[in-house]
Amino acid sequence: MLIVYNLNIYDSTCNSFVYVFCIGVAGCCAKTTIAPLDRVKILLQAHNPHYKNLGVFATLRAVPQKEGYLGLYKGNGAMMVRIFPYGAIQFMAFDQYKKLLSKKLGISGHVHRLMAGSMAGITAVICTYPLDVIRVRLAFQVKGHHRYTGIIHAFQTIYKSEGGVSGFYRGLMPTVIGMAPYSGFSFFTFGTLKSLGLAHAPTLLGRPSSDNPEVLVLKTHINLLCGGIAGAIAQTISYPLDVARRRMQLGSVLPDSKKCLTLSSTLKHVYTTYGVKKGLYRGLSLNYIRCIPSQAVAFTTYEFMKQTLYLN
């Protein structure tokens, strides 16, 4: 297991469960806040025919008009179910991988932070991937053209009509390939900015840790800024793979699904049909809007919970 508890120490075990719970709650709040942006991003990435020729803000206006304001939150239920295990696995796996790389393999510094971040992201994605597929399928539906009535019906339908368990792992390859640079550069950039800030401007950017006054940590607003920058850089690098992932996840829902069976064929199809700006990077500006605050809140909550619950 990636998460190892000391069963002989009650307080340690209790703190670990509280930590996981708080991370999950924080993730749910953050994802619900940006859920409308998430749905619009999915509609744009896969060129939904009902919103095909609209831009970001036009789609944000059109969805409530066509589907009501709750239409902006389609697929959010599956995301709420997914976010607890995903957030817990990713952040706790990150700490475990860091320890493994530094203590067992002797790898330290920026390299072990980059490797641990990539490994943690991949682990979390693989464990929760079926729920991500369900979320995307539900979010892509438009009122009056429903294929799935809910999470359970979507599970049943995909399982019966798309090859059983394998149907839930369409697009896993671009997800894993994309997660490595995304998660890796997120943790790498955040950790590097944090180290540089505390090393060169400790008085301006740092404050004493709540559990150990002799240790400096970044101030909350600096944490937010560093987390936002980390998210933006990681998203820019991995975004075309995210577009390919969404199209492959949608599978038979898309009319051109036969051209999106593999990662290479999907990227080629999107590029030749829509180009770079309107294809491989369609919705990137929206992704900055949704990703930066999401990443910032995630990293800030992570650091805060570590200090509050004495899990450093």
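Residues numbered from 1 in each chain as written. Predicted model: local features only at pLDDT ≥ 70, side-chain atom pairs only at ≥ 80, totals over all residues. Heavy atoms only, no water.

- The protein has the name GDC protein in an unreviewed UniProt entry, where Polyodon spathula is given as its organism.
- According to the UniProt record, the Subcellular location (unreviewed entry) comment for the protein reads "Mitochondrion inner membrane". (UniProt positions renumbered as here; feature names shortened; annotations may be inferred.)

1. Observations concerning the overall build of the protein
- Helix and strand counts for the protein stand at twelve helices and two strands.
- For the protein, the residues scored as buried account for 53% of the 312 residues in total.
- Taking contacts inside the protein between residues at least 6 apart in sequence as the whole, the part at least 24 apart equals 72%. (Helix = DSSP H or I, 4+ residues; strand = E, 2+ residues; numbered from the N terminus. Buried < 20%, exposed > 50% of the residue type's maximum accessible area, 1.4 Å probe, protein only. Contact = heavy atoms within 4.5 Å.)

2. Here we look at the environment of Ile-222
- Assignment of secondary structure puts Ile-222 in helix α9 (residues 220–250).
- Ile-222 gets classed as buried once you look at its relative accessible area, which sits at 11%.
- Separated by 18 residues in sequence, Ile-222 and Leu-204 have C-alpha atoms that sit 9.9 Å apart.

3. Remarks on helix α4 (residues 76–104)
- The terminal C-alpha atoms of α4, which comprises 29 residues, lie 40 Å apart, in line with the 42 Å expected from a rise of 1.5 Å per residue.
- In α4, a bend of some 35° at Arg-82 exceeds every other bend along the element, and Pro-85, a proline, comes one to four places later.
- Downstream of α4 by one or two residues, Gly-106 has phi in the positive range, about 75°. (Expected span 1.5 Å × (residues − 1). Bend = angle between axes of the 7 residues up to and from the residue.)

4. A short note on unusual backbone geometry
- With a phi close to 50°, His-47 is a non-glycine residue in the positive phi region.
- By secondary structure assignment, the location of His-47 is in the loop between α2 (35–45) and α3 (56–67).
- Note on His-47: relative accessible area 8%, which makes it buried.

5. Things to note about the packing of aromatic side chains
- Applying the stated rule across the entire model yields three aromatic pairs.
- A ring pair is formed by Phe-155 and Phe-168, whose centres lie 5.1 Å apart and whose planes are at 45°; its orientation type is tilted. One end of the pair, Phe-155, is in helix α6 (residues 151–161); the other, Phe-168, is in the loop between α6 and α7 (172–200), with 13 residues separating them in the sequence.
- We classify Phe-155 as partly exposed; its relative accessible area is 28%.
- Above the face of the Tyr-86 ring, Arg-82 is positioned so that its terminal group lies 4.5 Å from the ring centre. (Phe/Tyr/Trp six-rings, centres within 6.5 Å; stacked < 30°, edge-to-face > 60°. Lys NZ or Arg CZ within 6 Å of the ring centre and 35° of its normal.)

6. Quick word on the nonpolar core
- Formed by 16 residues in total, the largest nonpolar core has its most connected members in Tyr-86, Val-125, Ile-134, Tyr-148, Ile-158 and Met-179.
- Of all the secondary structure elements, the ones that give two or more residues to this core are α4, α5 (110–140), α6 and α7.
- A per-element tally of this core places α5 first, with six residues.
- Other than its neighbours up to four places away in sequence, Ile-158 contacts Val-133, Ile-134, Arg-137, Tyr-148, Gly-163, Gly-164, Gly-167 and Phe-168.
- Counting residues in each nonpolar core, the second largest holds 13 residues, with Ala-46, Ala-62, Val-136 and Leu-250 among its members. (Core = buried A, V, L, I, M, F, W, Y, C linked by side-chain atoms within 4.5 Å.)

7. Digging into the packing of α2 against α3
- It is the contact of α2 with α3, at a shortest axis distance of 10 Å, that shows an interaxial angle of 105°. Taken together, α2 and α3 sit at an angle that is classed as roughly perpendicular. Along its contact with α2, which presents Pro-36, Leu-37, Arg-39, Val-40, Leu-43 and Leu-44, the element α3 presents Val-56, Thr-59, Leu-60, Val-63 and Glu-67.
- When grouped by side-chain class, the residues that make up the contact of α2 with α3 number eight nonpolar, one polar and two charged. (Axes fitted to C-alpha atoms, helices over the stretch in contact; angles between N-to-C directions. Parallel < 35°, antiparallel > 145°, perpendicular 65-115°, else oblique. Nonpolar A, V, L, I, M, F, W, Y, C, P; charged D, E, K, R; others polar.)

8. Focus on a nonpolar patch on the surface
- Among the surface-exposed residues, Phe-185, Leu-225, Ile-229, Ile-233 and Ile-237 lie close enough to one another that they form a single nonpolar patch of about 400 Å² accessible area.
- Here the nonpolar patch takes four residues from α9, the largest share from any one element.
- Tracing the backbone through its elements, the reader meets Phe-185 in helix α7.
- Owing to a relative accessible area of 30%, Phe-185 belongs among the partly exposed residues under this scheme. (Patch = residues over 30% accessible without salt bridge, like charges linked within 9 Å, V, L, I, M, F, W, Y side chains within 5 Å. Areas by Shrake-Rupley, 256 points an atom, 1.4 Å probe, with all protein chains shown as cover. Salt bridge = Lys/Arg side-chain N within 4 Å of Asp/Glu carboxyl O.)

9. Considering the environment of Leu-114
- Of note, Leu-114 is situated in helix α5.
- With a relative accessible area of 28%, Leu-114 lands in the partly exposed category.
- Sequence separation between Leu-114 and Phe-188 is 74 residues; the distance between their C-alpha atoms is 4.9 Å.
- Other than its neighbours up to four places away in sequence, Leu-114 contacts Gly-184, Phe-185 and Phe-188.

10. A look at α2
- Across the eleven residues of α2, eleven count as buried, placing the element largely inside the fold.
- Within α2, the full set of buried residues consists of Ala-35, Pro-36, Leu-37, Asp-38, Arg-39, Val-40, Lys-41, Ile-42, Leu-43, Leu-44 and Gln-45.
- Directly after α2, the chain includes His-47, whose backbone phi takes a positive value near 50°.

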